[in-house]
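# Chain and residue survey
Letter by letter, the chains look like this.
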Amino acid sequence: MEEAKCGYCFPTEPPEPDFQPSKHEIYDKVVDLTEYAKRQRWWNRLFGKNSGPIAEKYSVATQIAIGGASGWCAGYLFQKVGKVAATAVGGGLLLLQIANNSGYIQVDWKRVEKDVNKAKKQLKKETDRAAPELNTIFEKSTEFVKKNIVVTSGFVGGFLLGLAS
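Within any chain, residue numbers begin from 1 and follow the written order of that chain's sequence. Given that the model is predicted, a residue must reach a pLDDT of at least 70 before its local features are reported, and side-chain atom pairs must reach 80 or more before they are shown or counted; all residues, however, enter totals for whole chains, interfaces and linings. To obtain the side-chain values, all non-hydrogen atoms of the structure were included, while hydrogens and water were left out.

## Observations concerning the overall build of the chain
Put simply, the rule reads: Under the scheme used here, helices are H or I runs from DSSP no shorter than 4 residues and strands are E runs no shorter than 2 residues, and both carry numbers assigned from the N terminus. The contact rule is simple, with two residues in contact once any of their heavy atoms fall within 4.5 Å. Methods summary: accessible areas were calculated by the Shrake-Rupley approach with a probe of 1.4 Å, and residue burial reflects only the protein chains presented.
Looking only at helices and strands, one finds five helices and zero strands in the chain. When the elements of the chain are put in sequence order from the N terminus, they spell out α-α-α-α-α. A separation threshold of at least 6 residues defines the contact pool for the chain, and within that pool the share at least 24 residues apart is 70%. Accessible surface computed for the chain: about 14100 Å², of which carbon and sulfur atoms make up 65%.

Here's what the structure looks like:
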């Protein structure tokens, strides 16, 4: 009594010593293995089974292009806003120092030091309370990056190019 063979099933009894698979059977196995490898995404092999992108309906090139374009825009804006913020803060400090040296204003440095130390203590208390929330945010961010590794890599590359332009 012989069972139906699907190509993936093996007989329950060991093959006879003179059993030699035909070239066609070997070729079918090789083709099946290559098809399996083609269906596996490289990021699944690298990051695990649940690491596929959320937007799997888009090709890898499309995902990289979307990530790169959005990263470039974010990097460019970050660069421009950063320059304006640095100029404003630096200019403000410069004007305060000039006004202090010219005698227009008097700075009570002991009071400034006292207020800074008070702010440090308060900030330390707040960060100790917020630590579990930050860990949760970090874990969610890590999971998002793993699930969207292609878009994320495009975004990082585009962000760096946006900063440089």
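## Quick word on the packing of aromatic side chains
Geometrically, a pair of aromatic rings is defined through the distance of the ring centres and the angle of the planes. Selection rule: Pairs were defined over the aromatic rings of Phe, Tyr and Trp, the Trp ring being its six-membered one, requiring ring centres within 6.5 Å. Orientation was assigned from the angle between planes: stacked under 30 degrees, edge-to-face over 60, tilted for the rest.
If you walk through the whole model with that rule in mind, you get three aromatic pairs. A connected cluster of aromatic rings, assembled from ring pairs, spans Phe78, Phe155 and Phe159.

## Notes on helix H4 (residues 109-147)
One full turn of an α-helix is made of 3.6 residues, so residues set three or four places apart face in the same direction. Here is the rule: One axis is fitted to the seven residues ending at the residue and one to the seven starting there. The bend at that residue is the angle between these axes. Think of it in three bands: residues with accessible area under 20% of the maximum for their type are buried, residues over 50% are exposed, and the middle band is partly exposed, with areas taken using a 1.4 Å probe on protein chains only.
In H4, a bend of some 50° at Ala130 exceeds every other bend along the element, and Pro132, a proline, comes one to four places later. The buried count for H4 comes to zero of 39 residues, which makes it a mostly uncovered element.

## What about helix H3 (residues 60-102)?
Spelled out, the test is: Take the residue count of a helix, subtract one, and multiply by 1.5 Å to get its expected span.
Given a rise of 1.5 Å per residue, 43 residues ought to cover 63 Å, and the 62 Å separating the end C-alpha atoms of H3 matches this to within 8%. Of the positions making up H3, those classed as buried are Gln63, Gly67, Gly68, Gly71, Gly75, Gln79, Ala99 and Asn100. Looking at the packing, one finds that the buried side of H3 touches H4 and helix H5 (149-164). Positive phi appears at Gly103, one or two residues downstream of H3, with a value of about 90°.

## A closer look at the packing of H3 against H5
Our working definition: Helix axes use the C-alpha atoms of the stretch in contact, all axes being lines fitted to C-alpha atoms, and the angles between their N-to-C directions lie in the range 0 to 180 degrees. Two helices crossing with the near one rotated counterclockwise from the far one by less than a right angle form a left-handed crossing, whereas a clockwise rotation gives a right-handed crossing. Residue type decides the class: Asp, Glu, Lys and Arg count as charged, Ala, Val, Leu, Ile, Met, Phe, Trp, Tyr, Cys and Pro as nonpolar, and the leftover types, Gly among them, as polar.
It is at 6 Å that the axes of H3 and H5 come closest, and there the two elements cross at 35°. Both H3 and H5 take part in a crossing whose hand is right-handed. Looking at the contact of H3 with H5 residue by residue, the classes come out as twelve nonpolar, ten polar and no charged.

## Side note on the environment of Thr152
Locating Thr152 in the fold gives a position in helix H5. A residue is classified by how much of its surface remains accessible, and Thr152, at 18% relative accessible area, is buried.

## Quick notes on the environment of Ser153
With respect to the element layout, Ser153 can be found in helix H5. Look at Ser153 and you get partly exposed, because its relative accessible area is 43%. Sequence separation between Ser153 and Gly67 is 86 residues, and the spatial gap between their C-alpha atoms is 7.2 Å.

## Side note on the confidence of the model for the chain
Applied cut-off: The quantity known as pLDDT measures the predictor's confidence residue by residue, on a range of 0 to 100.
Chain-level statistics for the chain give a pLDDT mean of 77 and a share of 65% at 70 or above. Across the chain, element-level confidence peaks in H3 with a mean pLDDT of 90 and bottoms out in helix H2 (residues 42-47) with 58.

## Considering a nonpolar patch on the surface
Applicable threshold: Each patch is assembled from residues with relative accessible area greater than 30% and no salt bridge, linking like charges that lie within 9 Å and nonpolar side chains (Val, Leu, Ile, Met, Phe, Trp, Tyr) that lie within 5 Å. When a carboxyl oxygen of Asp or Glu is within 4 Å of a side-chain nitrogen of Lys or Arg, the pair counts as a salt bridge.
A cluster of nonpolar side chains, Val89, Leu93, Leu96, Tyr104, Ile105, Val107, Trp109, Val112 and Val116, forms an exposed patch at the surface whose accessible area comes to about 900 Å². Mapped by element, the contributors of at least two residues to the nonpolar patch are H3 and H4. Counting through the fold element by element, Val89 comes out in helix H3. On the basis of relative accessible area, Val89 is assigned to the exposed category, the value being 55%.

## What to know about the environment of Gly157
Note that Gly157 resides in helix H5. Using a relative accessible area of 31% as the deciding quantity, one classes Gly157 as partly exposed. In this structure, the C-alpha to C-alpha distance between Gly157 and Gly75, residues 82 residues apart in sequence, is 9.6 Å.

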